[in-house]
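# Descriptive structure summary
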Amino acid sequence: MECNKIKIRNFRNIEEAEIEFDAGVNILAGDNAQGKTNLLEAISFTALGKSFRTTHEEEMIRFGAESAEISLDFTDSVRRQNITVRMMPGKRRHIEQNKVKVGRLSDIVGAFRTVLFCPEHLSLIKDGPSERRNYLDIAISQLYPVYLKSLQRYNQILKQRNQLIRRAEDDRKTFHDTVEFWSEQLAHEAAVIARYRVQYLKRAAGQIRACFAEMTDDREVPDAVYAGSSHGEPESYEDMEQTEKAYFKLLMSNHDREIGAGSTLWGIHKDDIDIQINGRSARAFASQGQQRSLALAMKLAEGEVCAEICGEKPVFLFDDVFSELDSSRRAYLSGKMKKRQVIITTCEPSGIAGGKMIRVENGKYF
Ligand SMILES: Nc1ncnc2c1ncn2[C@@H]1O[C@H](COP(=O)(O)OP(=O)(O)O)[C@@H](O)[C@H]1O
Ligand SMILES: [Mg+2]
């Protein structure tokens, strides 16, 4: 997978830009607030169908402009392709893949694959479960479009079930008449999603162990295990029927608690990854250094698993991460970037070896 060229109009502080990338390391260098992260956001947008910074489209359109446009040329193992997205406030987005109109952004996810790594990811172990779920959702959606569809359906059903719960005090009858239907639907999608997540983690865990071992002298062995709220063992998630039953049972036997809380308390939207070292929770017991190495290993594993499954390496997008790492992790990461395309942003380019240098100044790229 290679990102060849991006053309941008009125995205964030970028009025107009056309940038070509090298197949290897690309360094976007410039002072703060010049438009380095903005460019990564634009690239990542075409891969994920959404921004990694905001859910509000109007924030991405340049102040005072009427629309924003991103057009990205990339090459996969088969051919050169183009994805073009135009955003207009209050209107539907216009999306094209290879000049053919596409209905929804989620339809292009998985065409151009990236692994994004920001400083915030270094606290992936310490963070709350939602960050770790997000890690899984982004990685798996880029590999399996059906996973993203299932996730979207799940979130839609969840919204409706939550509405039902919130209205239950005033309308017990509707609640009792329909809660089984919504719980069934939710449990079904949950079983699909949980299985993908468990299978993904099994692969990722092997890669996380390998990266961690290369990075540290620790003889301790990490693992990443799915921690689902259906109280099944990770292996049992492989059996979708059993998982579906377990989630359904939870959703049907705790209504008073859910009505008290005003939301759905069990399901894949509450699940987590249990990152372990020597069988113990890394969140509780690992040192800060180990936690950072583990987080870095998780991000690199994301790239390895993607390459393993798709047969081609994703494009790595590193937003200001080198300045956050100590010299040994920095050296390790640089070594890992060989034979991969990587687009790096930094204020201090001197510490990063080789590659195409692109200077960033006030939304312009030289
Ligand atoms: N919608 C927008 N229109 C114009 N400028 C914007 C918009 N959104 C953000 N910016 C500007 O972009 C700049 C930040 O760019 P960013 O890429 O995050 O900086 P950095 O180079 O430090 O990564 C800020 O000056 C901010 O005001
Ligand atoms: Mg930045």
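Just so you know, these numbers come straight off a predicted model, no measurement behind them.

Within the protein chain, the regular secondary structure consists of ten helices and 15 strands. Over its C-alpha trace the protein chain gives a radius of gyration of 22 Å, about what one expects of a compact globule, namely 21 Å for 366 residues. Along the three orthogonal principal directions, the C-alpha set of the protein chain runs to about 65 × 55 × 35 Å. Residue pairs at least 24 apart in sequence account for 72% of intrachain contacts in the protein chain once pairs closer than 6 positions are excluded.

The sheet built from six strands is open, its strands ordered β8-β12-β13-β3-β14-β15 with mixed pairing. The strands lining the two open edges of the sheet, one partner per strand, are β8 (114-117) and β15 (364-365). Bridge count for strand β3 (residues 25-29) against strand β14 (residues 356-361) is four bridges, and the pairing is parallel. Across the sheet, residue L28 finds its bridge partner in β14, namely I358.

Okay, the packing of helix α5 (residues 172-215) against helix α9 (residues 288-310) next. Between α5 and α9, whose axes approach to 8 Å, the crossing angle comes to 125°. With respect to their mutual orientation, α5 and α9 come out oblique. Here the hand of the crossing between α5 and α9 comes out right-handed. Contacts between α5 and α9 involve Y200, R203, A204, Q207, I208, C211, F212 and M215 from the former and S293, L294, L296, A297, M298, L300, A301, E304, V305 and E308 from the latter. Each residue belonging to the contact of α5 with α9 can be placed in one class, and the counts come to 13 nonpolar, two polar and three charged.

Summarising the element assignment, P145 is placed in helix α4 (residues 145-166). Sequence spacing of P145 and K173 is 28 residues, and the spatial spacing of their C-alpha atoms is 38 Å. With sequence-adjacent residues up to four places away left out, P145 is seen in contact with V109 and G110.

Here the focus is the site of ligand 1. Around ligand 1 sit 16 residues in total, of which N13, A33, K36, T37 and N38 are the nearest. Per element, the largest residue contribution to the shell around ligand 1 is three residues, and it comes from helix α1 (residues 36-48). A per-class count over the shell around ligand 1 returns four nonpolar, eight polar and four charged.

Let us look at helix α6 (residues 240-252). Taking 1.5 Å per residue, 13 residues should reach 18 Å; α6 reaches 18 Å between its end C-alpha atoms and fits that length. Among the residues of α6, T243, E244, A246, Y247, F248, L250 and L251 are the ones counted as buried. Residues of α6 that are buried sit in contact with α5.

The subject of this paragraph is the sheet that holds strand β9 (residues 222-227). The strand order across the open sheet formed by three strands is β9-β10-β11, and the pairing between neighbours is antiparallel. Pairing within the sheet leaves two strands with one partner each, and these edge strands are β9 and β11 (280-281). Looking at chain direction, β9 and strand β10 (residues 272-277) are connected through six bridges and run antiparallel. Of the residues in β10, the one forming a bridge with D223 is Q276. In the packing of α5 onto the sheet, contacts are made with β9 and β10, and the angle to β9 comes to roughly 165°.

This part takes up unusual backbone geometry. The phi torsion of most residues other than glycine is negative, and most of the peptide bonds are trans. One non-glycine residue, N98, lies in the positive phi region at around 50°. Inspection of the secondary structure puts N98 in the loop between β6 (94-97) and β7 (100-102). In this structure, K339 takes a positive phi of about 65° despite not being glycine. With 8 C-beta atoms packed within 10 Å, K339 lands in the exposed category.

So, on to the domain arrangement of the protein chain. Under the domain assignment, the protein chain is made up of domain 1 (1-113 + 314-366) and domain 2 (127-313). Placing a centre on the C-alpha atoms of domain 1 and another on those of domain 2 gives a separation of 28 Å. Examining the composition of the side of domain 1 that touches domain 2, we find that four residues originate from one element, helix α10 (residues 327-336), more than from any other. By residue class, the composition of the side of domain 1 that touches domain 2 is eight nonpolar, three polar and five charged.

Core analysis: the biggest nonpolar cluster contains 106 residues, and A297 and I343 have the highest contact counts within it. Both domains that meet at this core, namely domain 1 (1-113 + 314-366) and domain 2 (127-313), each give it at least three residues. Apart from residues no more than four positions distant in its own chain, I343 is found in contact with C3, F21, N26, L28, L40, I43, V315 and L317.

Two elements in contact, helix α3 (residues 129-143) and α5, have axes separated by 10 Å at closest approach and are oriented at 90°. In terms of their interaxial angle, α3 and α5 are classed as roughly perpendicular. Between α3 and α5, the contacting residues are L136, A139 and I140 on the first element and Y196, R197 and Y200 on the second. Grouping the constituent residues of the contact of α3 with α5 by class yields five nonpolar, no polar and one charged.

With that settled, the discussion passes to the environment of I8. Looking at the element boundaries, I8 is found in strand β1 (residues 2-11). The buried category is assigned to I8, around which 25 C-beta atoms lie within 10 Å. C-alpha separation for the pair I8 and V192, spaced 184 residues apart in sequence, amounts to 37 Å. The contact partners of I8, leaving out residues within four places of it in the chain, are I14, A17, A42 and I70.

How each quantity is defined
Residues numbered from 1 in each chain as written. Chains lettered and ligands numbered in written order. Predicted model: local features only at pLDDT ≥ 70, side-chain atom pairs only at ≥ 80, totals over all residues. Helix = DSSP H or I, 4+ residues; strand = E, 2+ residues; numbered from the N terminus. Rg over C-alpha atoms; globule rule 2.2 N^0.38 Å. Contact = placed C-beta atoms within 7 Å. Pairing = 2+ DSSP bridges. Axes fitted to C-alpha atoms, helices over the stretch in contact; angles between N-to-C directions. Parallel < 35°, antiparallel > 145°, perpendicular 65-115°, else oblique. Left-handed = near helix turned anticlockwise from the far one by under 90°. Nonpolar A, V, L, I, M, F, W, Y, C, P; charged D, E, K, R; others polar. Near = placed C-beta within 6 Å. Expected span 1.5 Å × (residues − 1). Buried ≥ 20, exposed ≤ 12 C-beta atoms within 10 Å, placed from the backbone. Domains from an automatic or database assignment. Core = buried A, V, L, I, M, F, W, Y, C linked by C-beta atoms within 7 Å.

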